[in-house]
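Observations on the model geometry
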Amino acid sequence: MLIVMKADATDGQIEAVVRVVEELGFRAHPMTGPSRTSIGITGNQGAIDPSRFENLPGVSETIRVTKPYKLVTLDLQPVKTIVRVGDAEIGGDELAIIAGPCAIESRTQAFAIAETVRRSGARFFRGGAFKPRTSPYAFQGLGEEGLKILAEIRDTYGLRIVTEALDEPGVDLVERYADVIQIGARSMQNFTLLRRVGRSRLPVLLKRGLSATLDEWLLAAEYIMSEGNYQVVLCERGIRTFSQHTRNTLDLAAIPAVRRVSHLPVIVDPSHGTGKNFMVTPLARAGVAVGADGLIVEVHDQPNQALSDGAQALTPDQYEQLVAEVRAIHEVTIPAAVS
Ligand code: PEP
Ligand code: MN
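Everything numeric here is computed off the predicted structure, so don't read it as measured data.

1. So, the packing of aromatic side chains
Enumeration according to the criterion identifies two aromatic pairs in this entry. Between F191 and Y223, the ring centres sit 4.5 Å apart and the planes meet at 25°, which makes this aromatic pair stacked. Of the two residues, F191 sits in helix α6 (residues 191–198) while Y223 sits in helix α7 (residues 214–226), which places them 32 residues apart along the sequence. Residue classification places Y223 among the partly exposed residues on the basis of a relative accessible area of 25%.

2. Some details on empty space enclosed by the protein
Summed over all chains, the structure comprises one cavity of 30 Å³ or more. Of the volumes computed, that of the largest cavity is approximately 30 Å³. Residues that form the lining of the largest cavity fall into these classes: five nonpolar, one polar and one charged.

3. Side note on the coordination of the manganese ion (ligand 2)
The coordination sphere of the manganese ion (ligand 2) contains the protein donors C102 (SG), H272 (NE2), E298 (OE) and D309 (OD), at a distance range of 2.0 to 2.4 Å. If you list the donors of the manganese ion (ligand 2) from N- to C-terminus, the spacing comes out as C-x169-H-x25-E-x10-D. Taken as a pair, C102 in the loop between β7 (96–100) and α3 (107–119) and D309 in the loop between β14 (294–298) and α10 (316–338) lie far apart in primary sequence, 207 residues in all. With relative accessibility at 6%, the residue C102 sits in the buried group.

4. Structural notes on the layout of surface pockets
It is a probe the size of a water molecule, rolled over the atoms, that shows where empty space is left. Considering only enclosed or pocket space, the largest pocket measures out at about 310 Å³ in volume. Along the walls of the largest pocket sit 21 residues, with P132, R186, R247, H272 and D309 positioned nearest its centre. The residue makeup of the lining of the largest pocket, split by class, is five nonpolar, six polar and ten charged. Taken as a whole, the second largest pocket spans an internal volume of roughly 200 Å³. Lining the second largest pocket are T42, P68, Y69, K70, R195, L219, E222, Y223 and S226. Class assignment for the residues of the lining of the second largest pocket results in four nonpolar, two polar and three charged.

5. Brief notes about the environment of P282
When you line up the elements, P282 lands in helix α9 (residues 277–289). Sequence separation between P282 and V326 is 44 residues; the distance between their C-alpha atoms is 9.7 Å.

6. Let's talk about the sheet that holds strand β4 (residues 59–63)
The pairing of strands in a sheet happens through backbone hydrogen bonds and is either parallel or antiparallel. Pairing within the open sheet is antiparallel, and its four strands lie in the order β2-β3-β1-β4. What marks the edges here is a single partner per strand, and that holds for β2 (27–32) and β4. Strand-to-strand twist across the sheet, computed as the mean angle between neighbouring axes with direction ignored, equals 20°. Sheet topology note: the strand β1 (residues 2–5)/β4 ladder contains four bridges and is antiparallel.

7. Some details on the sheet that holds strand β11 (residues 204–207)
Read around the barrel, eight strands follow the order β7-β8-β9-β10-β11-β12-β13-β14 and close on themselves; strand pairing throughout is parallel. Taken pair by pair, the neighbouring strands of this sheet meet at an average axis angle of 25°, ignoring direction. Of the strand pairs in this sheet, strand β12 (residues 232–236) and strand β13 (residues 266–268) are connected by three bridges, and their pairing is parallel. Its bridge partner lying in β13, C235 is registered against I267. Sheet strands in contact with α7 are β11, β12 and β13, and its direction is about 160° off that of β12. Packing against the sheet, helix α8 (residues 254–261) makes contact with β12 and β13, and its axis sits at approximately 175° to β13.

8. Side note on the packing of α3 against helix α4 (residues 144–157)
The contact between α3 and α4 brings their axes to 10 Å, and the two run at 35°. Here α3 runs over α4; the crossing is right-handed. Taking contact as the criterion, the partners of R107, A110, F111, A114, E115 and R118 in α3 are, on α4, I149, E152, I153, T156 and Y157. Looking at the contact of α3 with α4, its residues break down into six nonpolar, one polar and four charged.

9. Comments concerning the pairing of strand β3 (residues 37–42)
Within a regular strand, side chains alternate between the sheet's two faces. With six of its six residues buried, β3 lies for the most part within the structure. Burial along β3 is two-sided: T37, I39 and I41 and S38, G40 and T42, pointing in opposite directions, are all buried. Strand direction decides the pairing type here: β1 and β3, joined by three bridges, are antiparallel. When the sheet's bridge partners are listed, I3 is paired in β3 with I39. Bridge count for β2 against β3 is six bridges, and the pairing is antiparallel. Along β3, the bridge assignment pairs H29 with G40. Hairpin geometry of β2 and β3 is characterised by an intervening segment of four residues between the two adjacent antiparallel strands.

Each value, and the rule that gives it
Residues numbered from 1 in each chain as written. Chains lettered and ligands numbered in written order. Predicted model: local features only at pLDDT ≥ 70, side-chain atom pairs only at ≥ 80, totals over all residues. Heavy atoms only, no water. Phe/Tyr/Trp six-rings, centres within 6.5 Å; stacked < 30°, edge-to-face > 60°. Helix = DSSP H or I, 4+ residues; strand = E, 2+ residues; numbered from the N terminus. Buried < 20%, exposed > 50% of the residue type's maximum accessible area, 1.4 Å probe, protein only. 1 Å grid on protein atoms, 1.4 Å probe; cavity = no way out; pocket = protein on both sides within 12 Å on 5 of 7 lines; lining within 4 Å. Points joined across faces, edges and corners; volume = space filled by probe spheres on them. Nonpolar A, V, L, I, M, F, W, Y, C, P; charged D, E, K, R; others polar. Donors = N, O, S within 2.8 Å, 3.2 Å for Na, K, Ca; no water. Pairing = 2+ DSSP bridges. Axes fitted to C-alpha atoms, helices over the stretch in contact; angles between N-to-C directions. Contact = heavy atoms within 4.5 Å. Left-handed = near helix turned anticlockwise from the far one by under 90°.

Listed below in structure tokens is the structure:
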């Protein structure tokens, strides 16, 4: 159930409703929008009797939630969530650009790429320190050493750091060095990991699983939010289909589909979504044109030497060109995206 407070409800009235929810043994999730506060309830197995709330001071109405998710929906929060990361944001008016190598390979490599990313005006730097590789013999990332390099990049360039955690001890480490925790496609249904990042103070970038439906993806976001972390960014990164001309099939229809049901920001990953250098820029343009709040793009100063995902990495020049093009598209797309 969802409790909608009156526009003039006081903090005390909101707190009183939260207390009743907790007395019933459930969890209350107050979401304050520009015009009113709504309170989502989780932890209940069956329907809750609305009469417990309807007559409490400040309550406007109670709404039964029939969808499988409660906290990700526009019913709870009709305005878009803006995820704030320091002075940067995802979901606001500015197109968020997250760029960097697939993996942090060395200090020299990471700094060379960060220089390009900074120059482009992007606010976020990506790079894996823990890599989920198909083969156990492939490069697995530098681990904590990679995180230290990322932290140095933040200090040097003021870029916000996005990096993946593969497991719960990895989250402890990522929290120490980074700004946004990435949950990769392969971990999208690692429910204990989702709960762990749900208890983090850092925002979470949640990639869509390789074969996840929209509902499964949104329910993964719901796992995170149900633990109290509402700073979640969804990322469409392509799904597995029978197509052989790309590494994955980038499902750009997911962007308007998410928009219709959820207030969470959603970004596009044209790198993993295609797997091929020459397709990254065209699909990035398309992603922005369908209303994505941002892009996450892999860039490498020497793609043919990359230890992972070299085939999809953009060169610095290609990346700079991409940024110029997608910014121009975003300028003319903003009114459509918010309508
Ligand atoms: C990555 O961002 O490098 C990555 C491994 O992504 P995904 O989880 O989408 O495959
Ligand atoms: Mn990669």
